[in-house]
Amino acid sequence: MQVGIIGLPNAGKSTIFNTLTKGRAEVASYPFCTIEPNIGITEVPDNNIQSLSDIYNSAKITPATIRILDIAGLVKGASRGEGLGNKFLSHIRTVDVIAHIVRCFYDENVSHIDKDIDPAGDIGIINTELLLADIEILQRKREKLISISKSGDALAKSQLGVVEFITGEFNNERIPDLSDLYGRHNELFDELNLLSIKPTLYIANTGDGEKDEELYKKLITEVSCKDIIKIFAKLESELLELPKEERSEYARELGVDKSGLSIFIRTCYEMLDLITFYTINKNETRAWSIKKGSNVLKAAGKIHSDMEKGFIKAEVINARQLLDFGSVSHAREEGKVRIEGKDYIVGDKDVIQVRFSV
Ligand SMILES: Nc1nc2c(ncn2[C@@H]2O[C@H](COP(=O)(O)OP(=O)(O)OP(=O)(O)O)[C@@H](O)[C@H]2O)c(=O)[nH]1
Ligand SMILES: [Mg+2]
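The following refers to the structure shown.

Another aspect to go through is the sheet that holds strand β10 (residues 311-318). Pairing in this open sheet of 6 strands is mixed, and the strands run β3-β9-β8-β12-β10-β11 from one edge to the other. In this open sheet, the two edge strands, each paired with only one partner strand, are β3 (60-62) and β11 (338-340). With strand direction ignored, the average angle separating the axes of adjacent strands in the sheet is 30°. Both β3 and strand β9 (residues 284-291) contribute to a ladder of 3 bridges, which runs parallel. If you follow I61 over to β9, its bridge partner there is T285. Along the sheet, helix α11 (residues 260-271) makes contact with β8 (274-280) and β9, crossing β8 at roughly 105°. Contacts from helix α12 (residues 296-303) reach β8, β9, β10 and β12 (350-356) within the one sheet, and its direction differs from that of β9 by about 130°.

Around ligand 1, the structure places 23 residues, and the nearest of them are K13, S14, T15, C33 and T34. At 3.4 Å, a backbone N or O of G73 approaches an oxygen atom of ligand 1. N205 places a polar side-chain atom, nitrogen or oxygen, 3.2 Å from a nitrogen atom of ligand 1. Within the complex, the protein chains bury 92% of what would otherwise be the 660 Å² of accessible surface of ligand 1. The cavity that encloses ligand 1 is the second largest pocket. Counting residues per element, the ones that place at least two in the shell around ligand 1 are α1 (13-21) and β6 (200-206). At 3 residues, α1 tops the list of elements feeding residues into the shell around ligand 1.

Definitions and cut-offs
- Residues numbered from 1 in each chain as written.
- Chains lettered and ligands numbered in written order.
- Predicted model: local features only at pLDDT ≥ 70, side-chain atom pairs only at ≥ 80, totals over all residues.
- Heavy atoms only, no water.
- Pairing = 2+ DSSP bridges.
- Helix = DSSP H or I, 4+ residues; strand = E, 2+ residues; numbered from the N terminus.
- Axes fitted to C-alpha atoms, helices over the stretch in contact; angles between N-to-C directions.
- Contact = heavy atoms within 4.5 Å.
- Near = heavy atom within 4 Å.
- Polar contact = N/O pair within 3.5 Å; in protein donor to acceptor, adjacent residues only side chain to side chain.
- Areas by Shrake-Rupley, 256 points an atom, 1.4 Å probe, with all protein chains shown as cover.
- 1 Å grid on protein atoms, 1.4 Å probe; cavity = no way out; pocket = protein on both sides within 12 Å on 5 of 7 lines; lining within 4 Å.
- Sits in = over half its atoms within 2 Å of the grid points.

Written as C-alpha cells, this is what we have:
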C-alpha cells in the first residue's frame, strides 16, 4: 500500500516528502531535481495512541505507517517521452493513491514552466499527460483484443467493448464512473492499471504571502473537486527544525496549528481503505493497519503467524470506550470487553487481545 507524490517540477514534492518522512531527498530550485523516486515511511497521525499507552505505561509506542513515493516532476509531453517521460509514468503505476501537489506560491528564485502561475492550469497539464498515457495503453490492449476475439473468444469480445468505451470517454477528456464495470472486469482493470482512475487527492502547496493565498482561492474556485487539502510545506518543514516545545506555539502564531500534512496523511490512509486496530501491553502500544472489512483472524496474522495458526478467540473493546473506563480490568468488570470468534470483522480503533495456543 503506497501513496505517490506527483506534480510539476518545483511544486514542492520533495519538500513535502522530507517533512513527512524526516527524509533527505534532494530539494532544489531547479526543475527535475528528483530523478529516481525517493521511498520513505511516514507515521499516521493518531489521537488515541498516547492515551492508550498510558493505560499500561508501555515502554514503547509504535504508530501505524504508510509508504510514500516522491516521484520526478512531470511536464507537458511526458506521455511521449518528454522530460523524464514514460519511465516516470511507470513509477506512478505502482502506487495505490496519488497525491497531486499543486504549486500555490510565488517565488522568483524557484522556476515555473510559465511566468504566470496558474494552479488549475497546472493540474490540467498533469492530468492530460496521465490521460494520454492511459489512451496509449488502451489502444495497445484494443489491438490485442481484436485479434483474440476473431476466434470467437467471448471474454475478449466483452473486454473489447469495455476498452473501447473507456477510450472514447478519455478521448473526450471525460473520466467516467467505472465502479459498475470494475466489479465485472476487475482482471482487465488490474492489468490496465489506468492512472486517470486511481484515487487522487489534490494538495495545494501554499506560501504564506497574500498573493499566495489568492492563488489558492483561485484554484478552489476554478477546480470543481472536493478533495483539495491546503498545506504550507515550506513553513511546516521549517517548524520541524525548531525544538519540539516551541513548535506548537509558533505554529499557532503562524496560523498553521492544524497541520495540513497531518490531514493529508489521514486522508490518504482513508483513501487506501485502511483502518487501525491496537494491541496494548507493558512492552508496547502499537497501531496496526488493516484493510477495512478484514476479519480478526487476519488481524491476528498481522501480529504474529502463530496467533493466526493457533487462534482461539479475541478480546475486543473500542479504544474510545477503553479510554473512558481507564483500564481494561474496569471495562471487563462492566462487561464491555467482548469475546469474538475468528470471523469477527475488525472495527476501526478496536483494541484487540488475541488468545491462542500453539
Ligand atoms: N517560497 C516557497 N518555496 C517553496 C515552497 N515549497 C517548496 N519551495 C521551494 O521550491 C523549490 C523546489 O522544491 P522541491 O521540493 O525540490 O520541488 P519538487 O517538486 O520536488 O521538484 P522536482 O523534484 O524538480 O520535480 C525549493 O527551492 C523549495 O525550497 C513554498 O511553499 N514556498
Ligand atoms: Mg523533487
